[in-house]
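Now for the letters of each chain:
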Amino acid sequence: MMRILRLLSMAVALPLCGLAQTPTFTATIQPIVIRNCAAPCHHPGGVGPFSLLTYQDVAKRGKFVAKVTQSRYMPPFPADRQFQHYANERGLSEIEIKLIQEWVKGGMVRGAEGEGLVAKSIESKDASARTPSLQAPSPSPPTPDLILRMKPYTIKGDGREDFRYFHVPMNLTKDVWVEAIEFVPGNRKLLHHSRLMVDSTGTMAGIDGIAEDDANLLSFQRTPLADEFLYGWVPGNDRVTFPAGSAKRIRAGSDLILNIHYSPSPNAAQDQSEVRLYFAKKPVERIVRTLTLTENNVTNQPFRLEANTKPTFYINYGPLPDTVRLLSVLPHMHWLGQSVRAFAITPAGEAINLVSIPDWDYRWQLTYFFREPLVLPRGSTIIAEAHYDNTDQNPLNPNHPARTVGYGWSSTNEMMNLVFYYIR
């Protein structure tokens, strides 16, 4: 992965060819694909279902790549980049989309070696067969200070979605300051997302392996958590690194609680995911905190979605007691979610855009890090609105016929969350 990220910096510097002549893969298309597709997801071991590193990889899916990029289905980035810009945003420009279209229509010409990124042949198992593959020196990845593994879990091959909770002892004898957090899925094919929480009560070992539809889950939900959202992983939402001098604090004696969603599978499979924590090496000047706005903050209560209705719910949170710097925002809803928008209003009446997702996709939920921390002065108010579709006409409705639902951790229920990382 580090090798691919190194290539990314090379690709950014490469000029795009004009549209007067048919673009070639090596000179024009390869840098676009590396930067937007291969580096984040579509590489060996990545979350993408196939690799897009080589000419052969891309050419055999050329028409498909042209279609999904023209429709902007790929690369996935649900947030409206006109509403707010983010440090981790991705997406193709109109010129890049047109270049891919022209390349496919022109016969997917490969071009001469050396036109674009340097290619190096690597040995395959058959010494007579060589596959061009991108190569570049890469720095050593950082070494985690603590690796925590869940117990092995067998995913049932019953073709149903599987939502599970796991208890992972941390065995901390002293408080630790965490400057980066990484979740490494043990089964990238089936693991859809994971939410990491911290329990400091020592009473939740019994949640290990429990399913979301288990009636016993409610007793655990009543337990106050030390951190309701330490970190969330979804495809593309890799290691979270906080700004220099800031970190999350985890108290001695705390344990991790993992909420993991597995996609449906016709065959049984195994998973043993792990969490990697990177401790701060220098004194921490600012504590990273989490602000989680939930259904309890909805102003037009109750948070109840009547069958065959399209309700809208609102959050009005504030005034903030202190000035804060927002590092990121993560909206969260389930299958009935349609759109969400959030902004802040300062005491001076200034509107600060936070996030807008006009077409909610439950399968792609990201932590959106602002390019620069957004300063919300003391007295500011955070406002959000979320639209839902709980009708029989909604093809994503998990309940057919539609039924009235309320708050719940199961995907057949609903939620309205806004999760912020911030520093004071």
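Just so you know, these numbers come straight off a predicted model, no measurement behind them. (Residues numbered from 1 in each chain as written. Predicted model: local features only at pLDDT ≥ 70, side-chain atom pairs only at ≥ 80, totals over all residues. Heavy atoms only, no water.)

### A few points about the overall build of the protein chain
- Counting its secondary structure elements, the protein chain contains 6 helices and 25 strands.
- Across the 424 residues of the protein chain, 50% fall into the buried class. (Helix = DSSP H or I, 4+ residues; strand = E, 2+ residues; numbered from the N terminus. Buried < 20%, exposed > 50% of the residue type's maximum accessible area, 1.4 Å probe, protein only.)

### A word on the pattern of salt bridges
- In this structure the tally under the stated criterion is 16 salt bridges.
- Here R72 and E94 are joined by a salt bridge, their closest N and O atoms 2.9 Å apart. Highlighted residues: R72 in the loop between α4 (62–70) and α5 (94–105) and E94 in helix α5, separated in sequence by 22 residues.
- Residues D227 and K248 are paired through a salt bridge, measuring 2.7 Å at the closest nitrogen-oxygen approach. Of this pair, D227 sits in strand β9 (residues 227–233) while K248 sits in strand β11 (residues 246–250); the two residues are 21 residues apart in sequence, bridging distant segments of the chain.
- Overall, D227 belongs to the buried group, its relative accessible area being 12%.
- Judged by its relative accessible area of 3%, K248 is buried.
- Salt bridges linked by common partners bring R149, E274 and R276 together as one network. (Salt bridge = Lys/Arg side-chain N within 4 Å of Asp/Glu carboxyl O.)

### Thoughts on the environment of K63
- One can find K63 in helix α4.
- Taking the C-alpha atoms as reference points, K63 and I100, separated by 37 residues in sequence, lie 9.5 Å from one another.

### Structural notes on the sheet that holds strand β21 (residues 351–357)
- On the basis of which strands lie adjacent, the open sheet formed by 4 strands has the order β18-β23-β20-β21 and antiparallel pairing. Edge positions in the open sheet fall to β18 (312–317) and β21, since each of these has one partner strand only. The average angle at which neighbouring strand axes cross in this sheet is 10°, direction not considered. (Pairing = 2+ DSSP bridges. Axes fitted to C-alpha atoms, helices over the stretch in contact; angles between N-to-C directions.)

### A short note on the confidence of the model for the protein chain
- Summary statistics for the protein chain give a mean pLDDT of 86 and a share of 87% for residues scoring 70 or more.
- Below pLDDT 50 for its whole length, residues 1–19 participates in 45 contacts with residues either more than four positions away or in separate chains.
- Here residues 116–140 scores under 50 on pLDDT; set against residues more than four positions off or in separate chains, the count is 49 contacts. (pLDDT = per-residue confidence, 0-100. Contact = heavy atoms within 4.5 Å.)

### Focus: the nonpolar core
- Residues L326, L354, Y368, Y388, M416 and F420 are the most contacted members of the largest nonpolar core, which totals 42 residues.
- Elements represented by at least two residues in this core include exactly β16 (289–293), β18, β19 (324–332), β20 (337–345), β21, β22 (368–376), β23 (381–388) and β25 (417–423).
- Other than its neighbours up to four places away in sequence, L326 contacts L354, F370, P373, L374, L376, F420, Y421 and Y422.
- Counting 38 residues, the second largest nonpolar core, distinct from the first, contains F183, F242, L258 and L330. (Core = buried A, V, L, I, M, F, W, Y, C linked by side-chain atoms within 4.5 Å.)

### Quick word on α4
- All buried positions along α4 are accounted for by G62, V65, A66, V68 and T69.
- Check the buried side of α4 and you find it contacts α3 (55–59) and α5.

### Let's talk about the side chain of D389
- Counting through the fold element by element, D389 comes out in the loop between β23 and β24 (405–406).
- Polar contacts involving the side chain of D389 include one to the side chain of T391, which spans 2.7 Å.
- Contact partners of D389, with chain neighbours within four places excluded, come to T309, K310, L336, Q338, N394 and N397. (Polar contact = N/O pair within 3.5 Å; in protein donor to acceptor, adjacent residues only side chain to side chain.)

### Observations concerning the packing of α4 against α5
- Relative orientation of the contacting elements α4 and α5 amounts to 155°, with a least axis distance of 9 Å. Relative to α5, the element α4 lies roughly antiparallel. In this structure, α4 meets α5 at a crossing whose hand is left-handed. Of the residues in α5, those touching α4 at G62, K63, V65, A66, K67, T69 and Q70 are I97, I100, Q101 and V104.
- A class-by-class count of the residues in the contact of α4 with α5 yields 5 nonpolar, 4 polar and 2 charged. (Parallel < 35°, antiparallel > 145°, perpendicular 65-115°, else oblique. Left-handed = near helix turned anticlockwise from the far one by under 90°. Nonpolar A, V, L, I, M, F, W, Y, C, P; charged D, E, K, R; others polar.)

### What to know about the pairing of β11
- Of all 5 residues in β11, 4 are buried; the element is thus mostly enclosed.
- The pairing of strand β6 (residues 176–184) with β11 spans 3 bridges and is classified as antiparallel. Residue V178 lies in a different strand from β11, and its bridge partner there is K248.
- One ladder, built from 2 bridges, connects β11 with strand β15 (residues 286–287); its direction is parallel. Across the sheet, A247 pairs through a bridge with I287, a residue of β15.

### Remarks on helix α2 (residues 25–38)
- End to end, α2 covers just 14 Å across 14 residues, shorter than the expected 20 Å (1.5 Å per residue, more than 12% under).
- For α2, a buried count of 13 out of 14 residues is recorded, marking the element as mostly surrounded by other parts of the structure.
- Two or three places before A27, at the start of α2, stands the capping residue T24, its side-chain oxygen 3.4 Å from that residue's backbone nitrogen. (Expected span 1.5 Å × (residues − 1).)

### Points about the packing of aromatic side chains
- Across all of its chains, the model carries 17 aromatic pairs by this definition.
- Ring centres of F77 and Y368 lie 5.3 Å apart, and the angle between their planes is 90°; on these two criteria the pair is classed as edge-to-face. One end of the pair, F77, is in the loop between α4 and α5; the other, Y368, is in strand β22, with 291 residues separating them in the sequence.
- For F77, a relative accessible area of 12% translates into the label buried.
- Judged by its relative accessible area of 0%, Y368 falls in the buried class.
- Relative to F166, the ring of Y153 lies with its centre 5.3 Å away and its plane at 70°, an arrangement referred to as edge-to-face. With a gap of 13 residues between them, Y153 in strand β4 (residues 153–155) and F166 in strand β5 (residues 162–169) connect regions that are remote in the sequence.
- Here a set of aromatic residues connected by ring pairs shows up, and it is made of F77, Y86, Y368 and F370. (Phe/Tyr/Trp six-rings, centres within 6.5 Å; stacked < 30°, edge-to-face > 60°.)

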